[in-house]
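# Coordinate inspection notes
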Amino acid sequence: MTKALFPSSINIVEVGPRDGLQNEAPVPTQAKIELINQLSLSGLTHIEAGSFVSPKWVPQMADSQQVLTQITRHVDVCYSALTPNVQGLELALQSNVDQVAIFTSVSESFCQHNINCSIEDSLERFSPVIKLAKQNGRPIRGYLSCVLDCPYEGETSPQRVKEVTKRLLDLGCYQVSLGDTVGTGTPLRVESMLKEVLSIAQPEQIAVHFHNTWGQALANVYQALRMGIHTVDSSVAGLGGCPYANGASGNVATEEILYLCQGLGIETGADLERVARAGWQICRQLNKSPTSNVSIALQSQLKL
Ligand SMILES: [Zn+2]
């Protein structure tokens, strides 16, 4: 295999402070701020810092406004947040987010369980959000869940992923992040799914978002990189999961992506040790170990 198959550099979207922490035990606001401040100094350029969903649904994110207004912003870092509706977007704008994200699913049942409406209704709901975000000069990213499997409906058709991705791009999302929410995907299925999606989208319009429930996330990222995808969502220390998908474990760890990319000669711009240190600190807060072999190996190498 030659190196030419892979992109020369990739963008990492660090989702630990949001996707990660929203499915962990609650941590104090100050710990989140400290985590984001540390990650901001690691060379990562996009940090998803919060979520403006109802605190009734996601109590762990109720302090997103405080977090976003109290972090020390780094000029080279984009700080984004989830904004499911206009009300959430208004709060996000007051908190001066750089970018916003909306989310839906490829699976009708998951959409109903997760956001209480059909896929079509969810897309309709996003229209005013997208309009207001654009008026305020904020780029919009779309998240699509269950792109390989759904906990209620089983296997997802790649054709369906293509269709909903196209809808999100047509609505005005600059990029769609394709999420294997349940973490059951394997590289060959990732290949079929991405082949379909890349028939209607440019590689830069697509990001991959793998959960590591069945230990396949890194192999799936590798597959996506081989196909020219160069935006990867990951979570420091492998934090998180999905509160609505029973048993879903954390996101692929940012440390694993950085180590893989080092080995492949792919530029990430981020410093592995700094990211890992940020991870160890938040894991101490959570009273758990990082869900990342790279992080654990590094910790023992540095004799910490
Ligand atoms: Zn996720």
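Residues numbered from 1 in each chain as written. Predicted model: local features only at pLDDT ≥ 70, side-chain atom pairs only at ≥ 80, totals over all residues. Heavy atoms only, no water.

On to the pattern of salt bridges, then. Scanning all chains against the criterion turns up 13 salt bridges. Of the charged contacts, one joins Glu24 and Lys288 as a salt bridge, the two residues approaching to 2.7 Å between their closest N and O atoms. With a gap of 264 residues between them, Glu24 in the loop between α1 (16-20) and α2 (29-40) and Lys288 in the loop between α11 (272-286) and α12 (293-301) connect regions that are remote in the sequence. The closest approach of N and O atoms between Lys166 and Asp170, which form a salt bridge, is 2.9 Å. With Lys166 and Asp170 both in helix α7 (residues 158-171) and four residues apart, the pair spans about one turn of that helix. Overall, the relative accessible area of 39% leaves Lys166 in the partly exposed class. A relative accessible area of 55% means that Asp170 is categorised as exposed. (Salt bridge = Lys/Arg side-chain N within 4 Å of Asp/Glu carboxyl O. Helix = DSSP H or I, 4+ residues; strand = E, 2+ residues; numbered from the N terminus. Buried < 20%, exposed > 50% of the residue type's maximum accessible area, 1.4 Å probe, protein only.)

Time to look at the side chain of Thr268. One can find Thr268 in the loop between α10 (254-264) and α11. A polar side-chain atom of Thr268 sits 3.2 Å from the main-chain amide nitrogen of Ala270. Apart from the residues within four sequence positions on either side, Thr268 is in contact with Ile10, Ile12, Leu258 and Cys261. (Polar contact = N/O pair within 3.5 Å; in protein donor to acceptor, adjacent residues only side chain to side chain. Contact = heavy atoms within 4.5 Å.)

As a packed pair, α10 and α11 sit with axes 9 Å apart at the nearest point and diverge in direction by 165°. Judged by the angle between their axes, α10 and α11 are roughly antiparallel. Along this stretch, α10 crosses α11, giving a crossing that reads as left-handed. Of α11, the residues touching α10 (which contributes Thr254, Glu255, Leu258, Tyr259 and Gln262) are Leu272, Val275, Ala276 and Gly279. Across the contact of α10 with α11, the residue classes tally to five nonpolar, three polar and one charged. (Axes fitted to C-alpha atoms, helices over the stretch in contact; angles between N-to-C directions. Parallel < 35°, antiparallel > 145°, perpendicular 65-115°, else oblique. Left-handed = near helix turned anticlockwise from the far one by under 90°. Nonpolar A, V, L, I, M, F, W, Y, C, P; charged D, E, K, R; others polar.)

Leu144, Leu178, Leu194 and Leu225 are the most contacted members of the largest nonpolar core, which totals 92 residues. By residue number, the principal contributor to this core is α11, which donates eight residues. Here Leu144 is in contact with Thr104, Ser105, Val106, Val161, Val164, Thr165, Leu168, Val176, Ser177, Leu178 and Gly179, once residues within four sequence places are set aside. (Core = buried A, V, L, I, M, F, W, Y, C linked by side-chain atoms within 4.5 Å.)

With that out of the way, let us pick up the side chain of Ser295. Summarising the element assignment, Ser295 is placed in helix α12. Reaching out from Ser295, the side chain makes a polar contact with the side chain of Trp280 at a distance of 2.8 Å.

Distances and angles like these do not, on their own, reveal function.
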